[in-house]
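# Working through the structure, step by step
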Protein chains: 2
Amino acid sequence: MSPGKQASANTESVDNYLKAILTLGGREESRVTIKSLAERLRIAPASVTNMLQKLSGSTATLVDYERHGGVQLSPAGKRRALEVVRHHRLIETFLYEVLDYPLEEVHEEAERLEHFISERFEERIAAKLGHPKIDPHGHSIPSMEGEMTARESMLLADVIEDGIFVIDSVSDQDTHNLRLIEACGITPGARLRVRKNSSSDSYSVSIGRSSKAYDLSREVARDVRIIRLKG
Amino acid sequence: MSPGKQASANTESVDNYLKAILTLGGREESRVTIKSLAERLRIAPASVTNMLQKLSGSTATLVDYERHGGVQLSPAGKRRALEVVRHHRLIETFLYEVLDYPLEEVHEEAERLEHFISERFEERIAAKLGHPKIDPHGHSIPSMEGEMTARESMLLADVIEDGIFVIDSVSDQDTHNLRLIEACGITPGARLRVRKNSSSDSYSVSIGRSSKAYDLSREVARDVRIIRLKG
DNA sequence: CCTACCAATTAGGTATACCTAAATTAGAGA
DNA sequence: TCTCTAATTTAGGTATACCTAATTGGTAGG
Ligand SMILES: [Mn+2]
Ligand SMILES: [Mn+2]
Ligand SMILES: [Mn+2]
Ligand SMILES: [Mn+2]
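Nothing here was measured: the structure is a model prediction, and the numbers come from that model. (Residues numbered from 1 in each chain as written. Chains lettered and ligands numbered in written order. Predicted model: local features only at pLDDT ≥ 70, side-chain atom pairs only at ≥ 80, totals over all residues. Heavy atoms only, no water.)

## A closer look at the environment of R151(A)
All names here are of chain A.
- When you line up the elements, R151 lands in the loop between α6 (119–128) and β3 (154–155).
- Here the alpha-carbon distance between R151 and D100, two residues 51 residues apart in the chain, equals 27 Å.
- In contact with R151, other than residues within four places in its own chain, are R27, I134, G138, H139, S140 and D168.
- Within the structure, R151 has its side chain in polar contact with the side chain of D168 (distance 2.5 Å). (Helix = DSSP H or I, 4+ residues; strand = E, 2+ residues; numbered from the N terminus. Contact = heavy atoms within 4.5 Å. Polar contact = N/O pair within 3.5 Å; in protein donor to acceptor, adjacent residues only side chain to side chain.)

This is the structure we're talking about:
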């Protein structure tokens with residue numbers, strides 16, 4: 001077959017491990033502990049150890065695992081993880097743009113479908129959407145070649161000095177938080193004025209030059225990433 | 001929860017059994033043999049017996065199985081089977097209409113995705129497509145309530161007397177045959193002139209009033225359903 | 001009425017992907 | 001250096017959904 005890849009005989013389960021390792025490893029791609037993987041995947045640590053041993057042993061070694069030393073993606077594993085992330089984010093964009101899903105609903109559907117769409121499906125929705133670079137949460141969509149651009153952003157919850165920011169992205173992990181976030185008008189790309197409330201552990205935010213301010217708890221503020229515009 | 005159904009905890013495998021029983025049972029919903037199921041699903045007969053015993057035993061009895069007596073769908077099983085068929089055909093229509101898939105490619109993708117889309121996804125693509133009643137192969141799409149209209153049609157391969165017909169539907173089972181069929185211009189709804197070739201075991205067909213005639217082997221002719229217009 | 005024969009079933013596997021409970025280990029702090 | 005604890009691993013399950021081989025059953029023809 002041509003220089004491309006063959007459909008990757010990965011199971012849904014394996015894909016989920018790879019994606020979790022990618023995410024938890026962060027920008028530096030550091031080694032990930034069994035415990036953190038277990039928490040993220042909501043699977044018992046013993047099961048995670050088991051799976052990783054199988055993954056690093058057989059197949060095309062998707063993963064570099066060491067006894068008591070955590071895991072890291074191999075080049076092949078990283079390639080596959082980014083492919084799944086691309087699927088996920090393209091599907092989310094598609095659901096949002098074409099099928100008019102509410103933002104809080106796209107993640108759950110994408111989380112399932114990302115494992116089952118073909119390369120053709122991926123290619124067709126990408127084309128339909130005009131090859132988008134970011135998804136509706138503000139996350140970068142990896143390119144077909146597995147490149148993903150990273151922006152320099154911080155958590156709203158980590159703001160110390162009040163100021164004006166641009167909204168980078170919102171987390172898709174918690175439906176309830178996301179609804180609250182949307183209710184404030186927080187949308188990737190918009191401008192946000194942030195004031196840290198000294199009394200309670202919360203943030204007062206307003207969009208653009210609007211005077212309407214909303215209060216966000218620290219927990220919710222952890223689900224918003226922003227970039228400082230001016231101090 | 002409201003009067004509706006809960007997401008049906010069926011696995012992909014169970015759904016496939018139900019769909020196969022529905023199809024093989026035909027319009028009369030007759031009992032289906034283990035052997036025919038095994039062939040259709042490409043699973044060993046022993047495995048089919050096993051699965052059916054589990055299905056008829058536990059859960060909400062999706063199936064009426066009797067030792068040495070074949071199977072039949074229960075009302076609940078029929079409901080679920082039609083739901084999956086609705087998914088399948090809506091997805092096919094969507095891939096064809098919205099994502100510009102070639103006709104021969106829609107089936108394989110739908111065959112996978114039908115098990116994983118949510119009710120919301122089903123509803124959204126149905127709305128997007130204007131609640132279509134037939135899929136691109138000419139097959140009826142069951143309604144949300146599980147009603148499916150049946151047309152009175154025959155196989156092209158069963159034609160004895162030459163004549164003019166309307167094309168009812170084409171089978172989605174064989175990609176290769178489907179490509180041949182499409183190449184003749186055979187499309188559901190079009191008019192077809194059929195002449196049985198006495199010499200070889202084949203059919204000479206032409207579309208509408210076109211004089212261009214194509215030869216279809218009996219094997220391919222089995223994948224085309226037609227309705228007689230005039231003798 | 002009795003056999004074959006074929007369909008169906010039973011018996012006894014395998015692989016995947018989980019689980020809980022019981023070791024074991026690495027590393028931090030005394 | 002020793003000890004303790006939390007992380008990790010090992011051991012020994014479960015459920016699903018397949019498989020092959022061996023057995024049983026129904027029935028059509030002789
Ligand atoms: Mn998501
Ligand atoms: Mn996203
Ligand atoms: Mn189909
Ligand atoms: Mn179809």
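The discussion continues.
## Here's the deal with the interface of chain B and chain A
- Taken residue by residue, the interface counts 19 residues in chain B and 19 residues in chain A.
- For the chain B face of the interface with chain A, the top three residues by lost area are L99(B), F116(B) and R120(B), together amounting to 32%.
- Joining chain B to chain A, the criterion identifies two salt bridges.
- Linking chain B with chain A are twelve residue pairs in polar contact (both at pLDDT 80 or more), by the criterion used here.
- Elements with a minimum of two residues in the side of chain B that touches chain A: α4 (75–97), α5 (103–113) and α6 (119–128) of chain B.
- A per-element tally of the side of chain B that touches chain A places α6(B) first, with five residues.
- Taken together, the residues that form the side of chain B that touches chain A break down as eleven nonpolar, one polar and seven charged. (Buried area = accessible area lost by both parts, 1.4 Å probe. Salt bridge = Lys/Arg side-chain N within 4 Å of Asp/Glu carboxyl O. Nonpolar A, V, L, I, M, F, W, Y, C, P; charged D, E, K, R; others polar.)

## Let's talk about the coordination of the manganese ion (ligand 1)
Residue and element names in this part refer to chain A.
- H88 (NE2), E92 (OE), H107 (ND1) and D172 (OD) make up the full set of protein donors to the manganese ion (ligand 1), lying at 1.9 to 2.1 Å.
- If you list the donors of the manganese ion (ligand 1) from N- to C-terminus, the spacing comes out as H-x3-E-x14-H-x64-D.
- The distance between the manganese ion (ligand 1) and the manganese ion (ligand 2) comes to 3.7 Å, with E92 serving as a donor to both metals. Of this pair, H88 sits in helix α4 (residues 75–97) while H107 sits in helix α5 (residues 103–113), and the two are 19 residues apart along the sequence. One exposure class covers both H88 and H107, and it is buried. (Donors = N, O, S within 2.8 Å, 3.2 Å for Na, K, Ca; no water. Buried < 20%, exposed > 50% of the residue type's maximum accessible area, 1.4 Å probe, protein only.)

## Things to note about the domain arrangement of chain A
- Partitioning chain A into structural domains gives domain 1 (8–78) and domain 2 (154–228).
- Each of domain 1 of chain A and domain 2 of chain A has a C-alpha centre, and the two are 32 Å apart. (Domains from an automatic or database assignment.)

## Observations concerning the relation of the copies chain B and chain A
- After a rotation of 180° and a shift along the axis of 0.0 Å, chain B superposes on chain A with an RMSD of 0.1 Å. Overall, the copies show the geometry of a two-fold rotation axis.
- By residue overlap, the copies meet face to face through one surface: 100% of the interface positions of chain B are interface positions in chain A. (Least-squares fit on C-alpha atoms with pLDDT ≥ 70 in both.)

## A closer look at the confidence of the model for chain A
- Model confidence for chain A is summarised by a mean pLDDT of 92, while 95% of its residues fall at 70 or above.
- Low pLDDT, under 50, characterises residues 1–7 of chain A; the predicted model gives this stretch three contacts beyond four residues in sequence or across chains. (pLDDT = per-residue confidence, 0-100.)

## A look at α5(B)
- Restricting attention to buried positions, one finds in α5(B) the residues L103(B), E104(B), V106(B), H107(B), E109(B), A110(B) and L113(B).
- Each element contacted by the buried residues of α5(B) is listed here: α5 and α6 of chain A together with α4 and α7 (175–183) of chain B.

## Here's the deal with the packing of aromatic side chains
- On inspection of all chains with the given rule, the structure shows two aromatic pairs over all chains.
- When the centroid spacing of 5.9 Å and the interplanar angle of 70° are considered together, the rings of F94(A) and F94(B) count as edge-to-face. Here F94(A) is found in helix α4, whereas its partner F94(B) is found in helix α4 on a different chain.
- Residue classification places F94(B) among the buried residues on the basis of a relative accessible area of 2%.
- Both rings, one in F116(A) and one in F116(B), keep their centres 3.7 Å apart while their planes meet at 0°; by these two values the pair is stacked. In this pair, F116(A) sits in the loop between α5 and α6 while F116(B) sits in the loop between α5 and α6, so the two residues belong to two different chains.
- The exposure class assigned to F116(A) is buried, which follows from its relative accessible area of 13%.
- Lying over the aromatic face of Y214(A), K212(A) brings its terminal NZ or CZ to 5.1 Å of the ring centre. (Phe/Tyr/Trp six-rings, centres within 6.5 Å; stacked < 30°, edge-to-face > 60°. Lys NZ or Arg CZ within 6 Å of the ring centre and 35° of its normal.)

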